[in-house]
Amino acid sequence: QVQLVESGGGMVQPGGSLRLSCKAPRLIFSTFTSYVIGWYRQTPGKQRELVASIPYGGNPDYVDSVKGRFTISRDNSRKTVYLQMSSLKPEDTAVYYCNIIPPGTNSWGQGTQVTVSS
């Protein structure tokens, strides 16, 4: 099991920004760099959606709805993946999770709530 811990959520107004963090406290560096890490989000009654992913040393990828607004990055020395979210919209409201890709049988963390509302 790969343990990942999300943080950084909160409530912001439309147009605002947040930065989420995903830390892998128990992984050694070489193991962390071997994983593609993704940020997912889920709203009640809907399936979990992959919104951004980043391999080690490769190009990030985004779902169309967040392109140009979200930026995923990783600091391998800190074993952390970030999701910088800008120009937030009410439809971005969700619980955000990070996990390896593919998640397979890996457990999901508690996630971090992002609420975009005026």
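Up top is the structure these notes are about.
Conventions we followed
- Residues numbered from 1 in each chain as written.
- Predicted model: local features only at pLDDT ≥ 70, side-chain atom pairs only at ≥ 80, totals over all residues.
- Heavy atoms only, no water.
- Pairing = 2+ DSSP bridges.
- Helix = DSSP H or I, 4+ residues; strand = E, 2+ residues; numbered from the N terminus.
- Buried < 20%, exposed > 50% of the residue type's maximum accessible area, 1.4 Å probe, protein only.
- Polar contact = N/O pair within 3.5 Å; in protein donor to acceptor, adjacent residues only side chain to side chain.
- Salt bridge = Lys/Arg side-chain N within 4 Å of Asp/Glu carboxyl O.

*Asks:* Run through the sheet that holds strand β5 (residues 49–54), naming residues and quoting values.
*Replies:* Spatial strand order, β2-β10-β9-β4-β5-β6: six strands in an open sheet with mixed pairing. Looking at the sheet topology across the chains shown, the edges are occupied by β2 (10–12) and β6 (61–62). Relative to β6, β5 runs antiparallel, the two being bridged by two bridges. Looking across to β6, one finds that Ala 52 is bridged to Tyr 62.

*Asks:* Give me the lowdown on the environment of Gln 1, citing residues and values where you can.
*Replies:* Here Gln 1 shows up in the segment before β1 (5–7). Looking at Gln 1, the relative accessible area reads 70%, which means it is exposed. There is a polar contact of 3.2 Å between the side chain of Gln 1 and the backbone oxygen of Thr 105. Separated by 2.7 Å, the side chains of Gln 1 and Ser 107 make a polar contact.

*Asks:* Just give me the short version of the pattern of salt bridges, but keep the residues and values in it.
*Replies:* All chains considered together, the criterion is met by five salt bridges. For Glu 49, the salt bridge is made with Arg 41, and the minimal N-O distance between the two is 2.9 Å. Residue Arg 41 is classed as buried on the basis of its relative accessible area of 8%. Asp 92 is the salt-bridge partner of Arg 41, the closest N and O atoms lying 3.0 Å from each other. Pair noted here: Arg 41 is in strand β4 (residues 37–42) and Asp 92 is in the loop between β8 (80–85) and β9 (94–100), with a separation of 51 residues, a long-range link.

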